[in-house]
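Survey of secondary and tertiary structure
One letter stands for each residue in the lines below.
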Amino acid sequence: MFAAATQRLEALAATWARRRQGDDAHAVTLQRRRIYILPTRHGLVFSAMLFAMLLASLQYAASLAFAMTFLLAALGLVAMQHCHNNLLHMIVRLGGADPVFAGEEAVFRLTLDNGAGLPRLDIVAENADSKAGPVDLDAGASATLQLHRPTAKRGYVELSRFSVATTHPGNLFRAWTWVHMDARCLVYPAPAARGRPPPAGASLPGERAMQRREDDDFAGLRTATPSDPPRRLAWKVYARSGQLLVKDFAGGVEQPQLFEFQALRDLDVEEKLSQLTRWCLDAAEAGTAFGLVLPGENIPLATGERHLHRCLRALALFAERP
Amino acid sequence: MTTLAANTTGIARLAWAAGLVAAASLLHWTSLPPWMPAMLMGCILWRFGARLLRWPLPGPWLMRILTLTSVAAVLAEFRTINGLVPGSALLFVMLALKFLEARAPRDQMILSLLAYFLVFASLLDGGGPLEGLFLLAFIAVSTLGMLQVGRQGTLLATRPTTRIAGKLLIPAAPIMIVLFLLFPRLPGPIWSIPGTNSSATTGLSDSMSPGDITNLGLSDEVAFRVEFHGQPPPASALYWRGPVLTNFDGRSWTRPAGMRRSVEDTIVTQGEPSEYRVTLEPGARGLAFALEMPTAWSAQSRRHSLRMTSEYQLLIATSDRPNDRVIYSVTSYPNHRAIEPLTASEREIFTRLPAGSNPRTRALVASLLEDDPDAATIVERSLDVFRGSDFFYTLTPPALGQHTADEFIFETREGFCEHYASALAIMLRMAGLPTRVVTGYQGGELNPIGGYHVVRQSDAHAWTEAWTPEDGWTRVDPIAAVAPERISLGLTRGNAAAPSTFAGRIGNLTILRQAALAWDAVNTYWNDWVVGYGPALQRSLLEWLGFDRPRGHHLLWLTVGATVAMLVGLTIWLGFASRRHEHRDPAARVFARFGAALRRREIDLPHPGETPTAYAARASRLLPEARDAITAIAACYLRARYEADASGAALRELKAEVGDFTTRYARASR
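Small disclaimer: the values here were computed from a predicted structure and weren't measured.

1. Section: the overall build of chain B
When you go through chain B residue by residue, the secondary structure sums to 23 helices and 20 strands. Burial status across chain B gives 35% buried among its 670 residues. Look at the contacts in chain B between residues 6 or more apart in sequence, and 71% of them connect residues 24 or more apart.

Structure below.
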C-alpha cells in the first residue's frame, strides 16, 4: 500500500514537472530549477538517528556528544549540496536510436557530458522499462548510457520520460531530473517466417531470360562501392591488406525482384508487410537487386544497405489510405 | 573476470565494515567485561573466515540462539539494561552479531548506524581531549566508509575517496562549530534519569574508620582544580574543608544528620580574603570544598546551588547529571575565627564517647589534666604526646583492635592523618573539650602552565577542630605537629614511606613532569571551554555578540540563519565549480552547428572519444552523397582549431562550408 501511494505521488510529481519544464531539446544542460532532491530511505533513518542523538545530548548535556551530533548533521547537509551538485550543469544528449524490428528492444543512446572540472559519480539513467548505469564521469569526460523500450508493432516507439539521478555521496540523498525529449526509434515490421518464396510473377518480364546461368564463377576482385552487398565483400583480403574489395562473379547479378504489396492477396495488411520485410531482407542478403511496390509508393530496383533501409522504412511507416 | 572483480569488491567492502565496527567499539573496551571485545573479534574473524575459507555462517536459528544468549549474558553481567554502561554493552553485542549476518545493503546501513551510536554512547559521560581527537578520526574514517558503502558501482580507489571525504568534511567543520556554539542548550535534563550511583567514585566519604584501613590507596586522580584571583595563600594555609565528622561510635566517625543552626554570620574575618574559582571533577557526590573559612560562594550554573551546613561545610544541591563538572566561586578568609555559640547540650554532643572505650588513653588524659586542668594548654600538651614519642607516619599501618586510640598511642604508633586526627579528637573529648574531626584536602600543586592549583585524591587529609568559648572552633592538625613537611610539601613528595604512585615516581624526571603539567593544563582548558560549554557560556557569547537580554529563540534563529547562510555560500561555490566550460573556441562552436545539422539526418553526435576525422568518416558512410563536403568540413575544422590561423581564413572557410552543407543536405525542416 505504501509503495502504491509512493508511486502515485511520484506520478503526480512527474506530471507537475512535465508541465513546468515543458519539452526538452535533444541536448539538455541540467539547471538548478529542474534538479529535484529528496532524502533516501537511508537518509531518513540517518536523520532519525541524528534526532535521537540530539535528544540524548541535551539530556546528558555532554559536549562531545553534541559535537558528534552536529558534525554528522553538518556532514549530511554538505552531502545534500554535493548530491545536487553532482548533476548540476551536466549535459544530457540524445545520441539517437538505431531502427529495430518489432518485438525487439529499441535502444536509445544517451550521452552524458561532464563539462566541469570535477568528477561526477554514480550517475544512473532510468525510464519505465530499464535502468542504465551507474556510471562515473571524470572531469571533462563523457559517457554513453543505453535506455531500452520494448516494441510490439511497427512504426515509431517513443522514449517518453526518463530520469537522470544520483545518490552520491553516501546514499543519503537522491537528486534527479526528469527529461522529456522528443526521441523516437523507427520500428520495422517483424519479418515473417522464412518459407514463402517470392512469387515468380513478381520478376520483371524482360529479365526472365537471365535466369539461372553459371552464377558462381568467381571472376576477380574490384574496389568496393557503398552499394555493394556486404556478403560480397572480401573480408579476408580486408583483414590482410586493409583494402575493401568486392568479389565479382562471372555469373553477373542474380535476377532482380520486385515485391508487390497487392500480390499477397491471402494475407491481411500487417502480415503482408511482414512478408515483404522478409523478402527484402532475404534479397538484400542474397545481393539481388530488388524493388518494392506499395499502394502509393514505388521504390525502384536497387541493391545496398541504404536501399534496404529505405524499403524497410517505407514498410514500417506504411499507412493504407482510405 | 567479472566474478573476480565482484569478489575483491566484496572483500574490500567487508574490510571497510570490519574496520568501522572495530573502531567504533574501541572506546568501550576498557569499560566493558573482556568477553565482549573478544566476542566482537570472534564475529569479525568468523565473517572473514566465511568469506575467504568458506566457513559456514550461522543460520537464522543459530543466530536467534546467539542473540538470546548474548542478551542474557549482558543481563547476567549488569542485572539491568538500563543506564549508560549496560546500554552500551547491549549495543556492543548487537553490533557484533549484526556484523556476523550483515549481507544486504540494508544490513550495512543498520550496521553503520549501530556503529555511530556506539561511539556516541561512549561520549555521553564526558570525554577528554583524547576522546575528541578519536571522535574526529572516527568521523573521518566513517565518512570514507559511508562513501564506499553508499556506492552503487564498484568501490572507489582510496585517493578519490579521500578527496571527496575532504570536500564533505571541510565545509562541515564550520557548520558543526556554529551549531555547537549556537544551538540552544538546556539548563536541565529533558527527563530525569534513574539513579546512576552504581558507578564507582573515589574521593572523600561521609565516614572515617582509621582502625580498619591497613593500606591507604592514594590515587593521582584530580579531585578539583582551583584558580586563585590574585596571590594564592601559602601551602600551609591550604586547608580545603570537606565533610565534618562529629559522631564517634568507638570505631567510626560519621557526619551528623540535620542542621543545628545557621552559622554563616558567626565567622569573624581578619586580614585579606582569598578569592578563587573551583572546578570539581565529577563524582564529588554533593560535597563542595572550600578554604577555611568561606564567607561567600556562588555556583556558575543555575543548575547548582551551594549552602553551608552548621559545621561550616559547603554542600551542593546535586544536579541530576552525575557527570557534570561543578564550577563555583568562593571568597575565604584564611585568618578567621568561627565563634559558634554552643549550648550545654551541644557541648555534650561534641564530647560524647562510647562508655568504657580506650581506658589507657582515658588514664593518660586524666594524668594530663591532673598536671594542669587548663583547657587552653591541654591541646598543646596532647599534641606533645605525638610529638615527643617515636610516632611514625605511614600509609600502610597495622590494623587496630577494639580500643583504637589505646592501641595507636601505646602500641603501634604508626598511622596516617586519620589515625592522628581520631586519636587526638578522642583525647580532647576525654579532656572535656568539644571536638570534631574535619576531613578534606590539604595543599594542592600549582600548575605553572595553566596558572591554577590541582588538588588530587592523594591530597586527602583529616584534622581535628576543638572549641573554646573565647575562640570558637580552632583547627588542630596533629600532622602539622608530627610531620610538618607533610603539610608544607604535600604528602607524596614529603614522606619516604609513601607508596610509589605514578606522580611520585616521575616526580624527579623534570621533562615528564613538565609534560604531565602541560597535559593537565590542556585538560583543564578542554573542561572549561569544551566540556563546560553550556547555557552559561552560551549566554556570555550572545552578550558578547551584542544581544542585550539573550533568549533561547535568539539562539535558535541565529543557528538557523548562520547554517543556511553557510549552505547557500557552499551552493554558490559548488555551482561555480560545476559550471560547464563553454566552448570558447569559435571553430568548436561552428563544428557543433555542423553536428546539429548531421543530427537532423539521423546521424549521431560524436561519440565520447571519437575524433573529428572518425566522426566525419562515420557520417560519410551514412550519407555517401555528401562525402566530399563532410570530409572537407572535418579537414577545415582541424585546421581552424589546431593550426595557426592568424588571418581567420580557415575559420571563415569552415563557416562557409558548414553553411553550405546545411542548406544542401540538412535544412532545418521542422
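Moving on from the coordinates now.
2. Observations regarding the interface of chain B and chain A
Contacts between the two partners involve 60 residues from chain B and, on the opposite side, 56 residues from chain A. Of all elements in the fold, only α5 (105-123), α6 (129-149), α7 (158-182), α17 (510-531) and α19 (552-578) of chain B reach the threshold of two or more residues within the side of chain B that touches chain A. In terms of residue count, the dominant contributor to the side of chain B that touches chain A is α7(B) (eleven residues).

3. Some thoughts on the confidence of the model for chain A
Here chain A averages 80 in pLDDT, and 85% of its residues register 70 or above. Long-range and interchain partners of residues 205-215 of chain A, a stretch whose pLDDT sits below 50, account for ten contacts in this model, where long-range means more than four residues apart.

4. Some words on the environment of B:G534
Mapped onto the fold, B:G534 is located in the loop between α17 and α18 (535-545). Expressed as a C-alpha distance, the spacing of B:G534 and B:L186, which sit 348 residues apart in the sequence, is 7.9 Å. For B:G534, the residues in contact, after removing those within four places along its chain, are A:A61, B:R185 and B:S301.

5. Focus on unusual backbone geometry
The phi angle of most residues is negative, glycine excepted, and most peptide bonds adopt the trans form. Following A:H168, the chain continues into A:P169 via a peptide bond in cis, with omega recorded as -5°. Mapping A:P169 onto the fold places it in the loop between β10 (161-166) and β11 (173-180). Cis geometry is found at the peptide bond from B:E292 to B:M293, where omega equals -20°. Inspection of the secondary structure puts B:M293 in the loop between β8 (290-291) and β9 (294-299). Phi is positive for A:N171, which is not a glycine, with a value near 60°. Note that A:N171 resides in the loop between β10 and β11. In the Ramachandran plot, B:R54 falls in the positive-phi region, its phi being about 60° despite a non-glycine side chain. Relative to the assigned elements, B:R54 resides in the loop between α2 (35-53) and α3 (60-78). Residue classification places B:R54 among the exposed residues on the basis of 8 C-beta atoms within 10 Å.

6. Digging into the sheet that holds strand β12 (residues 326-332) of chain B
Paired through their backbone hydrogen bonds, the strands of a sheet run either parallel or antiparallel. Residues and elements named next belong to chain B. Pairing within the open sheet is antiparallel, and its six strands lie in the order β9-β12-β7-β2-β18-β17. Every interior strand has two partners, whereas the edge strands, β9 and β17 (445-447), have only one. Across this sheet, the average inter-strand angle for adjacent strands is 30°, counted without regard to direction. Relative to β12, β9 runs antiparallel, the two sharing five bridges. Its bridge partner being in β12, A299 is matched across the sheet by Y328.

7. Regarding the sheet that holds strand β16 (residues 290-294) of chain A
All names here are of chain A. The sheet built from three strands is open, its strands ordered β15-β16-β17 with mixed pairing. This sheet does not close on itself; its edge strands, each paired only once, are β15 (257-260) and β17 (297-302). Shown here is a sheet whose adjacent strand axes are inclined to one another by a mean of 15°, direction ignored. Relative to β17, helix α6 (residues 305-316) is tilted by about 160°, and along the sheet it contacts β16 and β17.

Definitions and limits used
Residues numbered from 1 in each chain as written. Chains lettered and ligands numbered in written order. Predicted model: local features only at pLDDT ≥ 70, side-chain atom pairs only at ≥ 80, totals over all residues. Helix = DSSP H or I, 4+ residues; strand = E, 2+ residues; numbered from the N terminus. Buried ≥ 20, exposed ≤ 12 C-beta atoms within 10 Å, placed from the backbone. Contact = placed C-beta atoms within 7 Å. pLDDT = per-residue confidence, 0-100. Pairing = 2+ DSSP bridges. Axes fitted to C-alpha atoms, helices over the stretch in contact; angles between N-to-C directions.

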